[in-house]
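Listed below, chain by chain, are the residues.
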There are 2 protein chains.
Amino acid sequence: MVNPFHQHLDELNDLLVAMARRVVSAIDRASAALLEGDTAAAEAVVSEDEQVNALQFRVDDRIIELMTQYDAVASDLRFVLGAVRISVDLERMGDLAKHVAKSVLLRAPAAVIPDSLRADFAAMGAAAVRIAEKLVGILEEQDQLQASQMSLDDDELDALQARIHAQLPSLGYGPQTAADVALLARFFERFGDHAVRVSHQVVYAVTGDVHLDRS
Amino acid sequence: MVNPFHQHLDELNDLLVAMARRVVSAIDRASAALLEGDTAAAEAVVSEDEQVNALQFRVDDRIIELMTQYDAVASDLRFVLGAVRISVDLERMGDLAKHVAKSVLLRAPAAVIPDSLRADFAAMGAAAVRIAEKLVGILEEQDQLQASQMSLDDDELDALQARIHAQLPSLGYGPQTAADVALLARFFERFGDHAVRVSHQVVYAVTGDVHLDRS
């Protein structure tokens, strides 16, 4: 792995890892802002999303550079194609963290989530952060085993979303609160979906098996 | 445009157009199913989403083929990179149509949307279909002008979503209905966002200007 092409692929992967690290930080702070009603933290998440986007532009530039400089074989091209998709998903995960933060700002100084669902949203936030942290490791190590198991982690977010929805009819919330809760639960659930997609791309880059991640 | 490489690029674009046509059909029938409570139509949308996914696999295969057979210049690579992203967005638009259809099935035989919001959702469906149809034309003709104006069409979906949300607190819906309405409005709004992203990729493929479509 010391030829110049593979060195460039490594640098490309480093950019994806850097994106994933920022996404960890974003979802971590967005979740905390949601639970604490911390508008300063929420504002920071919103403004720093620009850094994730900037990294995605660098991924694009690097890919064009790579493809014009080298004749790549199919397996390398799968990696490059995977990198394009991974950057799209990571950018979207950053957006979802931003959406959580924005909903805090939209309702402040009132809390977005009712006290009775606080524990469930704390669990969602914790699961999302854990998933994002795992994703950093998967990208850094190109860890196929962890990547193939990411959907198990994502099941937790799906289960929490289902649990929150199941409680909605009986908790007596007003329509505004119910709508906010449904959308917030969906932001976390989608965050997990994108993590699964990234993981499947890591598997695809190595095995060429694309029949994993679309439903 | 008659060299073999460009002929292959045209065929790649034909696959994207085919995806977009299926997305038009999906969102059209999903919207009708939503308004009419037509579960057969909703089931068809859900099962036929597989065809959109299958086309995306063909896009991937075609791209790998293209890149291994030819030395492309940067402008062609931008087109290829754009095609990867466009296929991701079109696949997602298909998913969103499927989500609308699934919510019909989830609540049947009850209606998902209350009568008082029927006109607004009819307007959302009509706008989404018009946007998707426009997208087919943009992809077919590589129409830069229409592509650059897509965000204006999308504004209509955003405005309808805002209108629906503004009505939520006063219409006296139960939490379940409010949650369903908020999610459905979001599916349509996201559908429009992805159409804007596709349009920006069409502009990017020609101009190389990527600083349009991320927020």
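Each chain carries its own residue numbering, running from 1 in the direction its sequence is written. For this description, chains carry letters from A and ligands carry numbers from 1, given in the order in which they are written. pLDDT decides what is reported in this predicted model: residues at 70 or higher carry local features, side-chain atom pairs at 80 or more are listed and counted, and totals for whole chains, interfaces and linings draw on all residues regardless.

S.K.: Describe the overall build of chain A, naming the residues involved and giving the relevant values.
M.R.: Strands are runs of DSSP state E lasting at least 2 residues, helices are runs of H or I lasting at least 4, and numbering of each runs from the N terminus. Within chain A, the secondary structure is distributed over seven helices and zero strands. Order of helices (α) and strands (β) in chain A, N terminus to C terminus: α-α-α-α-α-α-α. Radius of gyration here uses only the C-alpha atoms, and the compact-globule reference equals 2.2 Å multiplied by the residue count raised to the power 0.38. In terms of C-alpha radius of gyration, chain A reaches 18 Å, essentially the compact-globule figure of 17 Å for 215 residues. Projected onto its principal axes, the C-alpha positions of chain A cover 60 × 30 × 20 Å. Counts of 20 or more other C-beta atoms within 10 Å of a residue's own C-beta define buried residues, counts of 12 or fewer define exposed ones, and intermediate counts define partly exposed ones; C-beta atoms are placed from the backbone. Here chain A holds 215 residues, and 50% of them are scored as buried. Throughout, a pair of residues is in contact if the C-beta atoms placed from their backbones lie within 7 Å. Once local pairs closer than 6 in sequence are excluded, the contacts in chain A between residues at least 24 apart make up 80%.

S.K.: Report on the relation of the copies chain A and chain B, specifying residues and quantitative values.
M.R.: We superpose the copies by least squares over the C-alpha atoms of residues that have a pLDDT of at least 70 in both of them. Of the two same-sequence chains, chain A is brought onto chain B (RMSD 0.0 Å, axial shift 0.0 Å) by a rotation of 180 degrees. What the superposition gives is, in effect, a two-fold axis relating one chain to the other. Proximity to the rotation axis, assessed at the C-alpha, singles out A179 of chain A in chain A; its C-alpha lies 2.2 Å from the axis. Of the residues that chain A buries at the interface, 100% are likewise interface residues in chain B, meaning the two copies contact each other through the same surface.

S.K.: Explain the interface of chain A and chain B to me, using residue names and the numbers behind them.
M.R.: At the interface, 34 residues of chain A touch 35 residues of chain B. When contributions to the side of chain A that touches chain B are tallied by element, the ones reaching two or more residues are α2 (39-69), α3 (74-107) and α7 (175-207) of chain A. Residues that form the side of chain A that touches chain B fall into these classes: 21 nonpolar, six polar and seven charged. Asp, Glu, Lys and Arg are counted as charged, while Ala, Val, Leu, Ile, Met, Phe, Trp, Tyr, Cys and Pro are counted as nonpolar; the rest, among them Gly, fall into the polar class.

S.K.: Report on the environment of A147 of chain B, specifying residues and quantitative values.
M.R.: The residue A147 of chain B is located in helix α5 (residues 144-148) in this model. For A147 of chain B and L135 of chain B, which are 12 residues apart along the polypeptide, the C-alpha to C-alpha distance reads 7.8 Å.

S.K.: Provide a residue-level description of the packing of helix α6 (residues 150-167) of chain B against helix α7 (residues 175-207) of chain B, including the pertinent values.
M.R.: Residues and elements named next belong to chain B. To define axes, lines are fitted to C-alpha atoms, for helices over the stretch in contact only, and angles between the resulting N-to-C directions are given on a 0 to 180 degree scale. Put simply, α6 and α7 touch, their axes get as near as 9 Å, and they point 170 degrees apart. On the basis of the axis angle, α6 is roughly antiparallel to α7. Between α6, through M150, S151, D154, L157, D158, Q161, I164 and H165, and α7, the contact on the second element is made entirely by V181, A185, F188, E189, G192, D193, A195, V196 and S199. Residues that form the contact of α6 with α7 fall into these classes: eight nonpolar, five polar and four charged. Here the angle decides the label: under 35 degrees means roughly parallel, over 145 means roughly antiparallel, 65 to 115 means roughly perpendicular, and every other value means oblique.

S.K.: Describe in detail unusual backbone geometry, supporting the description with residues and values.
M.R.: Most peptide bonds adopt trans geometry, and most residues besides glycine take a negative phi value. All names here are of chain A. Put simply, A108 and P109 share a cis peptide bond, and its omega is 5 degrees. Inspection of the secondary structure assignment puts P109 in the loop between α3 and α4 (118-141). Positioned with a positive phi, Q142 is a non-glycine residue whose angle comes to about 50 degrees.

S.K.: Break down the nonpolar core for me, with residues and values.
M.R.: Residues of type Ala, Val, Leu, Ile, Met, Phe, Trp, Tyr and Cys that are buried and joined through C-beta atoms within 7 Å form what is called a nonpolar core. Grouped together as the largest cluster of nonpolar side chains are 143 residues, with contacts concentrated most on V23 of chain A together with V23 of chain B. Setting aside residues up to four positions removed in sequence, V23 of chain A forms contacts with V52, L90, M93, G94, A97 and A132 of chain A.

S.K.: Please give an account of helix α1 (residues 4-36) of chain B that cites residues and values.
M.R.: The end-to-end C-alpha distance of α1 of chain B is 48 Å, a good match for the 48 Å that 33 residues give at a rise of 1.5 Å each. Where α1 of chain B ends, the next residue or the one after it, G37 of chain B, has phi of about 65 degrees, a positive value. By definition here, a helix of n residues has an expected span of 1.5 Å times n minus one.

S.K.: Tell me about the packing of α1 of chain B against helix α4 (residues 118-141) of chain B, residues and numbers included.
M.R.: The relative placement of two packed helices is expressed as an angle between their axes plus a distance between the axes. Residue and element names in this part refer to chain B. At a minimum axis distance of 9 Å, the contact between α1 and α4 shows a crossing angle of 170 degrees. The pairing of α1 with α4 is recorded here as roughly antiparallel in orientation. For the pair α1 and α4, the contacting residues are N13, L16, V17, A20, R21, V23, V24, I27, D28, S31, L34 and L35 in the first and R118, F121, A122, G125, A128, V129, A132, E133, L135, V136, L139 and E140 in the second. When the residues that make up the contact of α1 with α4 are grouped by side-chain class, the tally is 16 nonpolar, three polar and five charged.

S.K.: Tell me about the confidence of the model for chain A, residues and numbers included.
M.R.: Residue and element names in this part refer to chain A. Think of pLDDT as the predictor's per-residue confidence, scored from 0 to 100. On average, chain A scores 92 in pLDDT, and the residues at 70 or more come to 95%. Here residues 211-215 is modelled with pLDDT under 50, and outside its nearest four sequence neighbours on either side it reaches eight contacts, counting other chains as well. The ipTM, which scores confidence in the relative placement of chains, is 0.89 for this predicted complex, and the corresponding pTM is 0.92.

S.K.: Break down the environment of I138 of chain A for me, with residues and values.
M.R.: Residue and element names in this part refer to chain A. Tracing the chain through its elements places I138 in helix α4. Since 24 C-beta atoms lie within 10 Å of it, I138 is described here as buried. Taking the C-alpha atoms as reference points, I138 and A126, separated by 12 residues in sequence, lie 18 Å from one another. Those residues within four positions of I138 in sequence are excluded, and the remaining contacts are D143, Q146, A147, S199 and V202.

S.K.: Account for helix α2 (residues 39-69) of chain B, with residues named and values stated.
M.R.: Two residues of an α-helix separated by three or four positions point the same way, owing to the 3.6 residues in each turn. With 31 residues, α2 of chain B should cover 45 Å at 1.5 Å per step; its first-to-last C-alpha distance of 46 Å lies within 8% of that length. Note that bend, as reported per residue, equals the angle between axes fitted to the 7 residues terminating at that residue and the 7 residues originating from it. Where α2 of chain B bends most, the angle comes to about 30 degrees, and this point is S47 of chain B. The complete set of buried residues in α2 of chain B reads A42, V45, V46, D49, V52, L55, Q56, V59, D60, I63, L66 and M67 of chain B. Looking at the buried residues of α2 of chain B, the elements they touch are α2 and α3 of chain A together with α1 and α3 (74-107) of chain B.

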